[in-house]
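Descriptive analysis of the structure
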Amino acid sequence: MRLHRVRLKNYRGVVDSDVEFPVEGVTVVEGDNEVGKSCIPEALEMILNRLDSSSKQPLKAIRPVHHDAGPEVEVEISSGGYRFKYFKRWYRKPETTLEVIAPQREQLTGREAHERVEAILEETLDQDLWKALAIEQGAEPGLPKFGVPSLGKALDLAAGGTQVASSDDALWDRICAERLRYWTGTGRESQERKSLANRVDQAQGKIDDLDAQLRAIEDDAAEASRLAGQEGDLAFQRDEAAEAVSTLSKQWEATESLRHQIERLDSDHDIAQAQLEVIDGNMQRRRELVDAVRDRGRELASLEEKVEQAAPGLALAVQQSEEATKALRAAQDALRTAQDKLRLANDDRDYRRNQIEKDQLYERHERVLGAQKDLRIAEAVLDSSQVDDELVDQIEQAGLEETRAKIALEASAASVEATALSDLSVLIDGQDFTMGTNAVQRAHVTKEWELVVPDIVQVRVLAGHESQDSATDFETAQQEHARLCALGGVGSLAEARQKADERREAERSRDDSVKTIQENLRDLTLEGLAQKLEGLIKRVSSYPADRQQAPPLPEDLDEAKRVVSSVENDASECQDEADRCESTAETAAKASKQAEVGAALQAEKLKNARDAKTQAEQKLEEERHNQPDRDLNEALSAKETAVQNAATALQQAESDLRAQDPDTLKAKLDNAGDVKVKAEDALRTNQGRRRDLRVKLEARGESGLHSRLNDAKSEHQHLTREYQRIESRAQAAHLLHQTFERHRQEARQRYIAPFKEQIEQLGRIVFGPTFEVELDGDLRVAQRTLDGKTLDIEQLSVGAREQLGVICRLACASIVSPEGGGAPVVIDDALGWSDPTRLQSMGAAIAAAGRDCQVIVLTCTPGRYAHIGNAKVVRLPA
Amino acid sequence: MVKFLHTADWQLGMTRHFLAGEAQPRFDGARIDVIRTIGALAENEGCSFVVVCGDVFESNQVSRQVILRAFEAMSAATQVPFYLLPGNHDPLDASSVYKSPTFTEHKPDNVVVLEDPNPVDVVSGVELVPAPWFTKRPLTDLVADACDLLEDADAVRIVVGHGAVDTLSPDKSNPALISLSSLEERIDTGQIHYVALGDRHSTTDKGRTGRVWYSGAPEPTDYGEINPGNVLVVELNAEQIQVQERPIGDWRFLSGERELTSDEDLDNLEEWLGSVDSKERTIVKLALIGQVSLAQKARLDRLLEHHSDLLAALETWERRSELVVVPDDTDLDKLELSGFAREAVDELSGLAESGNQAEAARDALALLHRLAGVDS
């Protein structure tokens, strides 16, 4: 479609405006918003779509602002092979006129005209494309939403494809839908097909199962027949075996008597043998008895000899034991004597030692008593005098202090001299004095001095301050001196010194006494010491009287010690001797005891041996009495002959039996019996099995397996057919879809390439030589690449998106538009987001596109599109 | 003269896989009904008895229901005894239906199973000589065996047998084939007087004597049965015999091969299908060969679908069908496709001509037709 001219009259704010558009190239329509540059696209919409009789809301808006006239629009358009002028007026004198100029002249009015235009546009203009190519002011700046089929179709056509009917898209949808009936989106078989295949398998499974059951029945029936056949054979086998058993049994019985004879002979032989053994046993026992008598005799002799040999040893041992006992007793006596001597010697030594100790203790006791007396004296001194060296020093110091204070006082005190001028009595410091004439009373006034002449005068002398202080000091020193003397109970320093010396002496005496006491008491108390001393005295005094006379008491302790030592040696020797004798006596006693026990044992053994010998002799005697040796020998030889005879007879009989081969006979008989039993068993088993089969078949035959199998087969066949039908449909749908899809893609590739190329060509003008785009399935720009950097379209700035949007439209239009096809690109004040540099290059791009299609730019900011070089600029009158 | 009714091959319990939905029960019902018809016919004709020459039941493992319904139908003709011969489908083996509790407990008085080859006196002076099957695969000519047991007698003897006769049987090695010539010899010598056979579903007079007959099945059971749906009313003595075919079957099996190459062929097919009588009891199998266009195939499909609903069953004979659907230019033009769609269709047309994807491609084109809605 091409727009040649648009005339507006009484349209909104526009009184009358007539704009012509070149068929190719860019037309920039400038006008203020109010003037209505946007009126042009709106007016186009109105005239193409609204009847002149319409009074709908949008139409109300286009009525002129200040005056009462019907808005008019007139356009001249070419589209496809058509070119026509078209006029409409609304509200006031509504009117529609159409003048078709090409291909054939036509003149129409009213509704007819309206419908004719609609028909022409329907035939020649892709409405979707027309809308997509327009950019309205204020709309979201961005990429055009081309209807894919529409743009695709247009591009395809431009790329040399043939006209595609719109019904094809619906067909494609139906192909896709049909495919999805049998296939999943990812190309797997659909659930329905899978479940159908499953059902076919299940039906087959059912058939197999039923088939197997039927086969089992058939097999059972066949087995039953076979068993019935076998039964005759088995009965025959059984009868045959029974006959064999009967024949063989008769033969077997014939050998029976022979076997009985053998048994009897065998028994005879066994009996004779047993009897022989008894006699043999008797013989044996007789021999044993004889041997026993001999052996017992030998044993007795041997024992008697032993007893005889043992007798002297026993006597010697007894004697030795007695001697040893005697020696032991002597040694023990000697030891006791020695021990007595030792005790006396010890006592003597102790006595001498006690004597010495008693003397020592006595001395210590005396010393303690003396020291205690000294101690008491010294303590009395110490108690009575408190004057020690320290106090002496203090007294001495206080005396010096007092003297010093006194000197100071005297130096500072006022000297008062009162001279009585007549005899008079005065009171000095409250004390009566009688003074004669010229008597002088002197005083050093340290504090206050008062002289009163009664009734005459009172003189008070007051010492100065310094003097008073000195007086106080002196008083204090004096008092301290006095206090300290009093403390020591002394009157003077010399006395104090005397006292201190006395005290020191007493202290020394006390310390000495204490030391003496300690040294002599040591660990004892005085009472303990006294007791001990007393005990010793008692013991020492009584000892000589109590002691035996001889030997004489040793002279002194040393002598006593020597005696002890000597006696100790004697005692020790005696002890050794006694020990040795004791050991010897013990050994001898043991040996003697042993010898006695041995002798007793031997005596017992001897007695036993004698008894045993007697018993054996008695037994043998008894036996011989019962059966003399000769009889016994005769019986033995007779029985041996009998056994020999029985054995010979038995061997003969056995040899007879062997000649008849009873083993083979027995084996045959047993086997025949077994065969019979086996045949009977087999027959029973056979009958049992047949019965089982019959029961089983009866039970199963009733279940109508055959009908069920037929049903299952029917079902399987129906399902299989259905399955095959569905499968071939699925394959057909798949192939159809696949083929269409491939051709669709190929076709798309055919027209996408030039579209992409065109976008990039225009885009490079704006963005530079590295500009590339990627289109998605909806033919929209999905990615933009610049300087090797690829960004998704959403990541771009609004400005860049807007520019891309314009470029896409221009690219599309310039591809589809040659030879009057497609539709004009209408840009209503877009690029508000673009900076001046971009605007400049966009201008160049629009200009470039304008060479191939019709571009109409509407703007109220004239500068924005100044860079479109070849644009025709139309200014709408205000 | 003794008069009796000769039938065979009831094959009760048979199911036909091609009978879908309600047709199978009707088919089953018809096969029970025909027993009643037989009983009534026998009574009306004054037949002394009915012999059923084997394959009374489709299998030894038929359901209880089948047995009971058959008894119910037979017991309707109280005056006519039914003599049932075990055949190859229902041999008297250990699993035999004739030994089943249902059978033995509910068997009506007028039903007799021919359980062994001993002759049975049916009416005075008339003996049945049965040759029952004891297994599915007998190893001898059972009919001959039964006849071998016969002793000389004056009675009219009717042999009751089942199986294929040796003349014209394709399987000469089968030891169970019935020797026709030996039967004819026995007929010639007057040892036997009629041989009532079952197994062949087409009514057939065998051999030269006119006394050896297959009665055929009373209701057809399959395609290719030449003259089914009859019973025989037989009247004979040693000298004379009269055998009458009585058609009593209601159902029909039709099969046909049609070549389809033009719209006229389709017209003819439509006319032929339209002319079939008693459609609800007719089972048709078609072998279709030839080549049709997409539009013709669509018409054929509609035609077949229509008659499927009318007929008891309408099968296509897969094995013998060779119908190629080739889209012609008209078909493709009708699609009014352009652009890539046209290219895709051209490619599919190419594929449809030959190669292993030809069938799928033809189907795809047919599908496209359907989706494009040009043939609706």
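Everything numeric in this text was worked out from a predicted model, so none of it was measured.

Once that is clear, we can look at the overall build of chain B. Of the regular secondary structure elements, chain B holds 10 helices and 16 strands. Relative to the compact-globule value of 21 Å for 376 residues, chain B shows a C-alpha radius of gyration of 27 Å, a clear excess of over 25%. Dimensions of chain B, computed from C-alpha atoms along their principal axes, come out at roughly 95 × 40 × 40 Å. Out of the 376 residues in chain B, the part that is buried amounts to 56%. Considering only contacts in chain B between residues 6 or more positions apart, those separated by 24 or more positions represent 72%. Carbon and sulfur atoms make up 45% of the accessible area of chain B, which totals about 15600 Å². On chain B, the mean spot of the 33 positive side-chain charges and the mean spot of the 65 negative ones are 2 Å from each other.

On to the packing of aromatic side chains, then. Applying the stated criterion across every chain, the model contains 14 aromatic pairs over all chains. Look at Phe-4 of chain B and Phe-49 of chain B: their rings are 5.1 Å apart centre to centre, the planes differ by 5°, and that puts the pair in the stacked class. Of this pair, Phe-4 of chain B sits in strand E1 (residues 2-7) while Phe-49 of chain B sits in strand E2 (residues 49-52), and the two are 45 residues apart along the sequence. The same class applies to Phe-4 of chain B as to Phe-49 of chain B, namely buried. An aromatic cluster is built from Phe-4, Phe-49, Tyr-83 and Tyr-194 of chain B, whose rings are joined through pairwise contacts. Its end group placed over the ring of Trp-183 of chain A, Arg-193 of chain A keeps NZ or CZ at 4.2 Å from the ring centre. Here Arg-784 of chain A stacks its cationic end above the ring of Phe-767 of chain A, 5.6 Å away from the centre of that ring.

Residues and elements named next belong to chain A. Strands sit in the order E11-E10-E13-E14 across an open sheet of 4 strands; the sheet is antiparallel. At either margin of the open sheet sits one strand with a lone partner, and together these are strand E11 (431-435) and strand E14 (457-462). Strand-to-strand, the axes of this sheet are offset by a mean angle of 25°, without reference to chain direction. Taken together, the 5 bridges between strand E10 (residues 424-428) and E11 define a ladder with antiparallel strand orientation. Looking at E11, one finds that Val-426 is bridged to Phe-433.

This part takes up the domain arrangement of chain B. Residue and element names in this part refer to chain B. By the assigned domains, chain B splits into domain 1 (2-247), domain 2 (251-325) and domain 3 (327-376). Centre-to-centre, using C-alpha coordinates, domain 1 lies 36 Å away from domain 2. In this assembly, domain 1 packs against domain 2 so that about 1100 Å² is buried in total across both faces, 68% of it on carbon and sulfur atoms. When the buried area of domain 1 at its contact with domain 2 is split by residue, Phe-18, Arg-26 and Tyr-223 rank highest and sum to 54% of it. Here domain 1 and domain 2 share 0 salt bridges between them. Inspection of the region where domain 1 meets domain 2 yields 3 residue pairs in polar contact (both at pLDDT 80 or more). When its residues are assigned to classes, the side of domain 1 that touches domain 2 shows 7 nonpolar, 2 polar and 4 charged.

With that settled, consider the nonpolar core. Among the nonpolar cores identified, the biggest contains 49 residues, and Ile-175, Leu-736 and Phe-740 of chain A together with Leu-269, Leu-337, Val-345 and Leu-368 of chain B are the most heavily contacted of them. Top contributing element to this core by residue count: helix H16 (residues 705-767) of chain A, with 9 residues. Those residues in contact with Leu-269 of chain B, other than ones at most four positions away along the chain, are Arg-258, Leu-260, Leu-286, Leu-288, Leu-300 and Leu-303 of chain B. Listed in part, the 45 residues of the second largest apolar core include Tyr-751, Ile-752, Leu-775 and Ile-815 of chain A.

Let us now look at the packing of helix H1 (residues 23-45) of chain B against helix H2 (residues 64-75) of chain B. The geometry of a pair of packed helices is captured by two quantities: the angle between their axes and the separation between those axes. Residues and elements named next belong to chain B. H2 packs onto H1 with a crossing angle of 25° between their chain directions and a minimal axis gap of 8 Å. Taken together, H1 and H2 sit at an angle that is classed as roughly parallel. The two elements H1 and H2 cross, and the hand of that crossing is right-handed. Of H2, the residues touching H1 (which contributes Ile-32, Ile-35 and Arg-36) are Arg-69, Ala-70, Glu-72, Ala-73 and Met-74. Class assignment of the residues belonging to the contact of H1 with H2 gives a composition of 5 nonpolar, no polar and 3 charged.

A word on the packing of helix H17 (residues 798-816) of chain A against helix H18 (residues 836-850) of chain A. Residues and elements named next belong to chain A. Close contact between H17 and H18 brings their axes to 10 Å; oriented N to C, the two are set at 10°. Of the possible angle classes, the one that applies to H17 and H18 is roughly parallel. For the pair H17 and H18, contact is made by Gln-803, Val-806, Ile-807, Leu-810 and Ser-814 and by Arg-838, Met-842, Ala-845, Ile-846 and Ala-849, respectively. Broken down by class, the residue content of the contact of H17 with H18 amounts to 7 nonpolar, 2 polar and 1 charged.

Moving on, we get to the sheet that holds strand E12 (residues 241-247) of chain B. All names here are of chain B. With mixed pairing, 6 strands are arranged side by side in an open sheet as E4-E3-E2-E1-E11-E12. Looking at which strands have only one partner, the edges of the open sheet turn out to be strand E4 (111-113) and E12. Averaged over all pairs of adjacent strands, the angle between their axes in this sheet comes to 25°, without regard to strand direction.

Turning next to unusual backbone geometry. Cis peptide bonds are those with omega within 30 degrees of zero, and the linkage from Ala-102 of chain A to Pro-103 of chain A qualifies with 0°. Mapping Pro-103 of chain A onto the fold places it in the loop between strand E6 (95-102) and strand E7 (106-109). For Asn-438 of chain A, which is not glycine, the phi torsion reads 65° and is therefore positive. Take Asn-438 of chain A: it is sitting in the loop between E11 and strand E12 (440-445). Even without being glycine, Asp-9 of chain B reaches a positive phi, approximately 55°. If you trace the backbone, Asp-9 of chain B turns up in the loop between E1 and H1.

A separate point is a nonpolar patch on the surface. Nonpolar side chains collect at one region of the surface, where Ile-456, Val-457 and Val-459 of chain A lie side by side and expose about 250 Å² of accessible area between them. The residue Ile-456 of chain A is located in the loop between strand E13 (448-453) and E14 in this model.

The next thing to look at is the interface of chain B and chain A. Contacts between the two partners involve 47 residues from chain B and, on the opposite side, 42 residues from chain A. Between chain B and chain A, a total of about 3700 Å² is buried, with carbon and sulfur atoms accounting for 59% of that surface. For chain B, the biggest contributors to the area lost against chain A are Gln-61, Phe-340 and Leu-371 of chain B; these three give 20% of the whole. Put simply, chain B and chain A have 3 salt bridges between them. Between Glu-315 of chain B and Arg-721 of chain A there is a salt bridge, with its nearest N and O atoms 3.2 Å apart. One can count 9 residue pairs in polar contact (both at pLDDT 80 or more) joining chain B with chain A. Going through the elements one at a time, helix H3 (101-106), helix H9 (339-353) and helix H10 (358-372) of chain B are the ones with two or more residues in the side of chain B that touches chain A.

Between its terminal C-alpha atoms helix H14 (residues 629-658) of chain A stretches 45 Å, which fits the 44 Å expected from 30 residues at 1.5 Å a residue. Here H14 of chain A has its buried residues at Leu-632, Leu-636, Val-643, Ala-646, Leu-650, Ala-653 and Leu-657 of chain A.

Another point: a negative patch on the surface. Residues and elements named next belong to chain A. Together, Asp-570, Glu-573, Asp-576, Asp-579, Glu-582 and Glu-586 give the surface a local cluster of negative charge. Its location among the elements puts Glu-573 in helix H13 (residues 557-626). Residue Glu-573 is classed as exposed on the basis of its relative accessible area, which comes to 55%.

Scoring rules and cut-offs
- Residues numbered from 1 in each chain as written.
- Chains lettered and ligands numbered in written order.
- Predicted model: local features only at pLDDT ≥ 70, side-chain atom pairs only at ≥ 80, totals over all residues.
- Heavy atoms only, no water.
- Helix = DSSP H or I, 4+ residues; strand = E, 2+ residues; numbered from the N terminus.
- Rg over C-alpha atoms; globule rule 2.2 N^0.38 Å.
- Buried < 20%, exposed > 50% of the residue type's maximum accessible area, 1.4 Å probe, protein only.
- Contact = heavy atoms within 4.5 Å.
- Areas by Shrake-Rupley, 256 points an atom, 1.4 Å probe, with all protein chains shown as cover.
- Lys, Arg positive; Asp, Glu negative; His and termini not counted.
- Charge placed at Lys NZ, Arg CZ, Asp CG, Glu CD.
- Phe/Tyr/Trp six-rings, centres within 6.5 Å; stacked < 30°, edge-to-face > 60°.
- Lys NZ or Arg CZ within 6 Å of the ring centre and 35° of its normal.
- Pairing = 2+ DSSP bridges.
- Axes fitted to C-alpha atoms, helices over the stretch in contact; angles between N-to-C directions.
- Domains from an automatic or database assignment.
- Buried area = accessible area lost by both parts, 1.4 Å probe.
- Salt bridge = Lys/Arg side-chain N within 4 Å of Asp/Glu carboxyl O.
- Polar contact = N/O pair within 3.5 Å; in protein donor to acceptor, adjacent residues only side chain to side chain.
- Nonpolar A, V, L, I, M, F, W, Y, C, P; charged D, E, K, R; others polar.
- Core = buried A, V, L, I, M, F, W, Y, C linked by side-chain atoms within 4.5 Å.
- Parallel < 35°, antiparallel > 145°, perpendicular 65-115°, else oblique.
- Left-handed = near helix turned anticlockwise from the far one by under 90°.
- Patch = residues over 30% accessible without salt bridge, like charges linked within 9 Å, V, L, I, M, F, W, Y side chains within 5 Å.
- Expected span 1.5 Å × (residues − 1).

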